[in-house]
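Per-entry structural report
Chain by chain, the residues:
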Amino acid sequence: MDTRNAEICGFLYVKLVGQRYIARKVRKKVLVSSKVWKRLWCCIKKLGSGIQIQFDKINRNSNALKQKVKDNSVTIGPSAIIYRIHSKTKQFAFGILQGKDRKLLLSLSTDSETETQRWMKNIRYLLNPKKDCIKKSYNVSIVDNAHSKAAGLIGLYGNLTATETGIFIQSPHIDKIIKSFKWKEFGQFHLMTAGRPEDVKRICVIHTTKEFCCGTGELYLFCLDADKLLQDLVTQGRGPKYRQKSLNFNKIYEVSKQHNELVGSFSQGSNSWSILDIKTDWYVYCCILHM
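Below or above, wherever it landed, is the structure these notes cover. All of these numbers come straight from a predicted model, not from anything done at the bench.

Of the strand pairs in this sheet, strand β10 (residues 138–142) and strand β16 (residues 217–222) are connected by two bridges, and their pairing is antiparallel. Within β16, the residue paired with I142 across the bridge is L221.

Turning to the environment of W37, a few remarks are in order. Structurally, W37 is set in the loop between β3 (29–31) and β4 (38–47). Along the primary structure W37 and Y13 are separated by 24 residues, whereas in three dimensions their C-alpha atoms are 5.8 Å apart. Here W37 is in contact with Y13, V14, K15, S87, T89, K90, A93, S107, L108 and S109, once residues within four sequence places are set aside. Polar contacts involving the side chain of W37 include one to the side chain of T89, which spans 3.2 Å.

What follows concerns the sheet that holds strand β14 (residues 186–191). In space, the seven strands of this open sheet follow the order β13-β12-β11-β10-β16-β15-β14, with antiparallel pairing throughout. The open sheet has two edge strands with one neighbour each: β13 (177–182) and β14. Strand-to-strand twist in this sheet, taken as the mean axis angle between neighbours without regard to direction, amounts to 30°. The strands touched by helix α1 (residues 113–127) within the sheet are β10, β11 (157–162), β15 (203–208) and β16, with β10 carrying the most contacts at an inclination of about 105°. Lying over the sheet, helix α3 (residues 226–234) contacts β10, β11, β12 (166–170), β14 and β15, oriented at roughly 155° with respect to β14.

The next thing to look at is unusual backbone geometry. Unlike most non-glycine residues, K201 shows phi in positive territory, near 60°. For K201, the location among the structural elements is in the loop between β14 and β15. For Q236, which is not glycine, the phi dihedral falls at a positive 55°. Note on placement: Q236 falls in the loop between α3 and β17 (260–262).

Right, let's get into the pairing of β15. Every other side chain in a regular strand lies on the same face of the sheet, so the side chains alternate between the two faces. Within β15, five of the six residues are buried, which leaves the element mostly enclosed by the surrounding structure. Where β14 lies against β15, five bridges are found, and the strand directions are antiparallel. Bridged to L191 within β15 is C204. As judged from the six bridges shared by β15 and β16, these two strands associate in the antiparallel manner. Bridge assignment links V205 to a residue of β16, and that residue is Y220.

This part covers the pattern of salt bridges. Applying the stated criterion to the full structure yields two salt bridges. The residue R84 makes a salt bridge to E113 at a minimum N-O spacing of 2.8 Å. Note that R84 is positioned in strand β7 (residues 81–84) and E113 in helix α1, a separation of 29 residues in sequence. The burial state of R84 is the same as that of E113; both residues are buried. Notably, a salt bridge pairs E115 with R118, separated by 2.6 Å at the nearest N-O pair. Residue E115 and its partner R118 are located together in helix α1, separated by three residues, close to a single helical turn. Residue R118 is classed as partly exposed on the basis of its relative accessible area, which comes to 39%.

Calculation criteria
Residues numbered from 1 in each chain as written. Predicted model: local features only at pLDDT ≥ 70, side-chain atom pairs only at ≥ 80, totals over all residues. Heavy atoms only, no water. Pairing = 2+ DSSP bridges. Helix = DSSP H or I, 4+ residues; strand = E, 2+ residues; numbered from the N terminus. Contact = heavy atoms within 4.5 Å. Polar contact = N/O pair within 3.5 Å; in protein donor to acceptor, adjacent residues only side chain to side chain. Axes fitted to C-alpha atoms, helices over the stretch in contact; angles between N-to-C directions. Buried < 20%, exposed > 50% of the residue type's maximum accessible area, 1.4 Å probe, protein only. Salt bridge = Lys/Arg side-chain N within 4 Å of Asp/Glu carboxyl O.

This is the structure:
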């Protein structure tokens, strides 16, 4: 995304939290808080080092925003945190934290998790342009809950890579690892299959163990390639083709002559390896001991 002239527009459900100030050249006016959600047309564009959110097509008779249409805007700084929030009436709400006190400035929402994550991603990249994604990584964004907040993962997002030693998440803006985990901190992984059709199998559920900083619980990672991400998590970064193989030489394997055909050969009077061609398209390696 070219952020210099980029602009994001669309309908959002908006709820203002507390009394905040709108941006004006001459003086500041209070943007009156709203206790209810309003469906408004929003335009978000780059403004200096931050962004400006413009609320257009507002009902002039509404008491929620007592300003003229052209004056309804909020300026967001580059250090703002975009994260998922809990709402009693909006299932897919997200908020914007700003300032040293990290108070909630604005609440926004859409009608699905996928749409909410798309808005969050675009706003984040307007604030801080992204770099090229590293190979074999997945763009993820945490769906915040009580467990993730207790672990200090509020608003976590980035490029996730699974390796044999663990998981690390790299910032999409700079070459820096912002979070890393060891495999012993996680127990199980699966995809969320409930919800709206566009959200099915796009959220990876991670069950944490007692080794995790906050103990057992669940973390939710949104990813458009969640099915591939799940394979890498289950195989601990070894890929979907990886299968753990072990040979137990203390057991005797009997192979039926009706389903197997011996294609290897072994020299008489010595130990050697033979390959059995099994009609089920996989191979068993047996050590044949000459009696």
